[in-house]
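Coordinates in review
The primary structure of each chain is shown beneath.
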Amino acid sequence: MAAAGAPPAAERENTVTRPRILVVGAGFAGVECVRRLERRLTPNEADVTLVTPFSYQLYLPLLPQVASGVLTPQSIALSLRRSRKYRTRIIPGGAIGVDLKAKVCVIRTITDEIVDEPYDYIVLAPGSVTRTFDIPGLVDHAFGMKTLAEAAYIRDHVISQLDLADASPDPAERAARLQFVVVGGGYAGTETAACLQRLTHAAVKRYPRLDPRLIKWHLIDIAPKLMPELGEKLGRSAYEILTRRGIEISLKTSVAKAGPDEVTFTDGRVVPTHTLIWTAGVVASPLIATLGAETVKGRLAVTADMALPGHDGVFALGDAAAVPNLAKGEGEVCPPTAQHAMRQGRHVADNVIASLRGEPKQPYVHKDLGLVVDLGGKDAVSKPLGIELHGLPAQVVARGYHWSALRTNVAKTRVMTNWLLNAVAGDDFVRTGFQARKPAKLRDFEYTDAYLTPEEVQAHVAASRAAQ
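Source: prediction; values computed, not measured.

Here is what the cut-offs are and how they apply
- Residue positions are given per chain, counted from 1 along the sequence in the order it is written.
- In keeping with the predicted nature of the model, local features appear solely for residues at pLDDT of at least 70, side-chain atom pairs appear and are counted solely at 80 or more, and the whole-chain, interface and lining totals rest on all residues.
- Heavy atoms from the whole structure form the basis of all side-chain values; hydrogens and water molecules are not counted.
- Numbering of helices and strands starts at the N terminus; helices are DSSP runs of H or I of at least 4 residues and strands are runs of E of at least 2.
- Our radius of gyration looks at C-alpha atoms and nothing else; its globule reference is 2.2 Å times the residue count to the power 0.38.
- Exposed residues in this analysis have more than 50% of their type's maximum accessible area, buried residues have under 20%, and partly exposed residues fall in between, with area computed by a 1.4 Å probe over protein chains only.
- A contact between two residues is defined here by any heavy atoms of the two lying within 4.5 Å.
- Residue-level accessible areas treat just the shown protein chains as cover; the underlying method is Shrake-Rupley with a 1.4 Å probe.
- We call Phe, Tyr and Trp rings a pair once their centres come within 6.5 Å, taking the six-membered ring for Trp, and we label the pair stacked below 30 degrees between planes, edge-to-face above 60, and tilted otherwise.
- Two thresholds decide whether a charge sits over a ring: the Lys NZ or Arg CZ must be within 6 Å of the ring centre and within 35 degrees of the ring normal.
- Confidence per residue, as judged by the predictor, is encoded in pLDDT with a range of 0 to 100.
- Salt bridges are identified by distance alone: a Lys or Arg side-chain nitrogen within 4 Å of an Asp or Glu carboxyl oxygen.
- Polar contact criterion, stated in full: a pair of N or O atoms within 3.5 Å, where within protein one must be able to donate a hydrogen and the other to accept it, and residues adjacent in sequence count only if both atoms are side-chain atoms.
- Only strands that DSSP links by at least two bridges are regarded as paired with each other.
- The angle between two axes is taken between their N-to-C directions and runs from 0 to 180 degrees, where each axis is a line fitted to C-alpha atoms and a helix contributes only its stretch in contact.
- Cysteine sulfur atoms are paired as a disulfide whenever they fall within 2.5 Å.

**Observations regarding the overall build of the chain**
The secondary structure content of the chain amounts to 12 helices and 24 strands. For 468 residues, the compact-globule estimate of 2.2 N^0.38 gives 23 Å, and the chain sits close to it at 23 Å. Taken along the three principal axes of its C-alpha coordinates, the chain extends 70 × 50 × 40 Å. Per-residue burial over the chain gives 50% buried out of 468 residues. Nonlocal contacts in the chain, meaning residues at least 24 apart in sequence, comprise 69% of its contacts between residues at least 6 apart. Accessible surface for the chain amounts to roughly 21500 Å². Of this, 54% is attributable to carbon and sulfur atoms.

**Some thoughts on the packing of aromatic side chains**
Any two aromatic rings considered together are summarised by their centre-to-centre distance and by the angle between their planes. This model, assessed by the stated rule, comprises six aromatic pairs. Look at Phe28 and Tyr59: their rings are 5.4 Å apart centre to centre, the planes differ by 85°, and that puts the pair in the edge-to-face class. Of this pair, Phe28 sits in helix H2 (residues 28-40) while Tyr59 sits in the loop between strand E3 (56-58) and helix H3 (63-67); the two residues are 31 residues apart in sequence, bridging distant segments of the chain. For the pair shown, Phe28 and Tyr59 are each scored as buried. When the centroid spacing of 5.5 Å and the interplanar angle of 20° are considered together, the rings of Phe54 and Tyr56 count as stacked. We classify Phe54 as partly exposed; its relative accessible area is 49%. Tyr56 gets classed as partly exposed once you look at its relative accessible area, which sits at 23%. Aromatic rings pair up to connect Phe143, Tyr153 and Phe445 into one cluster. Sitting above the plane of the Trp403 ring, Lys412 keeps its charged end 5.1 Å from the centroid.

**Structural notes on the confidence of the model for the chain**
For the chain, the mean per-residue pLDDT works out to 91, and 95% of the residues sit at or above 70. Note on residues 1-7: pLDDT under 50 across the span, and 26 contacts to partners over four residues away in sequence or across chains. Under a pLDDT of 50 for its full length, residues 9-15 has, in the predicted model, three contacts with residues more than four places off or in other chains.

**A few points about the pattern of salt bridges**
Inspection of the entire model under this criterion finds 19 salt bridges. Between Glu173 and Arg177 there is a salt bridge, with the nearest N and O atoms lying 2.9 Å from each other. Taken as a pair, Glu173 and Arg177 lie in helix H6 (residues 171-177) at a separation of four residues, close to a single helical turn. Assessed through its relative accessible area of 27%, Glu173 is described here as partly exposed. Arg177 gets classed as buried once you look at its relative accessible area, which sits at 14%. Among the salt bridges present, the one from Glu248 reaches Arg269, with a minimum N-O distance of 2.8 Å. Linking Glu248 in strand E12 (residues 247-251) with Arg269 in the loop between strand E14 (262-265) and strand E15 (270-272), this pair joins segments that are 21 residues apart in sequence. Relative accessible area serves as the criterion here: at 37%, Glu248 is assigned to the partly exposed category. One network of salt bridges, in which partners are shared, links Glu32, Arg35 and Arg346.

**Looking at the side chain of Thr88**
If you trace the backbone, Thr88 turns up in the loop between strand E4 (77-79) and strand E5 (89-99). On the accessibility criterion, Thr88 (0% relative accessible area) is buried. Polar side-chain contacts of Thr88 include one of 2.4 Å to the side chain of Glu38.

**So, the sheet that holds E5**
Strand order in the open sheet formed by seven strands is E7-E6-E5-E2-E1-E8-E20, with mixed pairing between adjacent strands. The sheet terminates laterally at strand E7 (114-118) and strand E20 (314-316), the two strands that pair on one side only. Across this sheet, the average inter-strand angle for adjacent strands is 35°, counted without regard to direction. Both strand E6 (residues 104-109) and E7 contribute to a ladder of five bridges, which runs antiparallel. Bridged to Ile107 within E7 is Val115. Taken strand by strand, H2 contacts strand E1 (20-24), strand E2 (47-52) and strand E8 (121-124), and its axis lies near 155° from that of E1.

**Considering the state of the cysteines**
On inspection of all chains with the given rule, the structure shows zero disulfides. The thiol of Cys33 is unpaired, and the distance to the nearest cysteine sulfur, on Cys105, comes to 14 Å. Take Cys334: it sits in no disulfide, and the sulfur closest to it among the cysteines is that of Cys33, at 16 Å. For Cys334, a relative accessible area of 0% puts it in the buried group.

**Things to note about the sheet that holds strand E19 (residues 299-301)**
Taken together, the three strands give an open sheet; going across it, the order is E18-E19-E21, and neighbouring strands pair in mixed fashion. Looking at the sheet topology across the chains shown, the edges are occupied by strand E18 (295-296) and strand E21 (321-322). When E19 meets E21, the two strands line up parallel, connected through two bridges. Across the sheet, residue Leu300 finds its bridge partner in E21, namely Ala321.

Below is the structure:
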């Protein structure tokens, strides 16, 4: 997807008369929406603009494999500027507020400049951010697993712990650096713990001074079961696979306090560690709170056609919207998964086009195709179309699903090549130097303090208009 150059003079004259469609977010939902708009709208029918800090679409489900070194970061970052035929204008920044009455989106660019972008139609797909709680020391000492930078950083950090433990003459420090804690028993946490445990298990063979028995992984979750969405049988299968590898799983447990070199669990245990990875769920982007509109558990309340009630030309979808799940029944909302986001993106594009052309909008309906969890190597649990699988068959389904869901042939080729190369040659356990001397933790990657309040948005837009 490429930003268009300056249009010819004849086109510039008509630009002000063309409807302006603004898409916020380049996740699964936003990118699918933009691609559909580009394909189904004529160049003179509307102007399409995309707001995103990074000009790539991140294939989030494979992030743990980047952290473990199975995949390179570039292989799951799908460039939006690869093709020259797309005409969408890309604004490199993040939306920090929306004034629904003035129809203006306030954007902070990657150079920290604040700009106002007017629109006629807006599609809100800002995604989600890591859900945190008021736990002492959490945001200061925990790592997240939500962005490409975090995954690359965590890989460097984990390998550095092995290096530092190997060089340390202090047995206590060595033991602390070789303990790792992952919080969150959902897909992200389970896959992260599974993939990184395999990384350390393979890497320690290159450290003859380290006792492999000192390496301990802890996976904790406040829920009573591991990945309850998979069902009793597959959840138990995943539990057994991880415990067989030596991962200590503690359920009905969370973090009471986090420090620079230890973590205190709610059951009273104190674990000496320099690695706390927090994956305990997500919440809608803080952008949603700037609208001053009704929400459902933090997600924007929308109708079945993904429109915001009472606001013409406003649509929301993906992780940030509570889209009714008509396939499941009354009162249900769609889960924040990639398969829903991709389909919602295409569907909302059709509804934007219908609104533009004065045609009726259609409700979104999709039945879940199933769930896949890649635990690394030959281990996986999957539930395609309700069929429960584990082991190698589940791994074939899991990787086949992820591979087919990648948007471009280039990405598919890179991922498949990475998988084959890792299977044959293994890992070199190289640190890239991404980790700076000053540690970067949860608060340093997601910039959740950059958003405005609804009142600040309205005041900013009013001041900007008065200055014109």
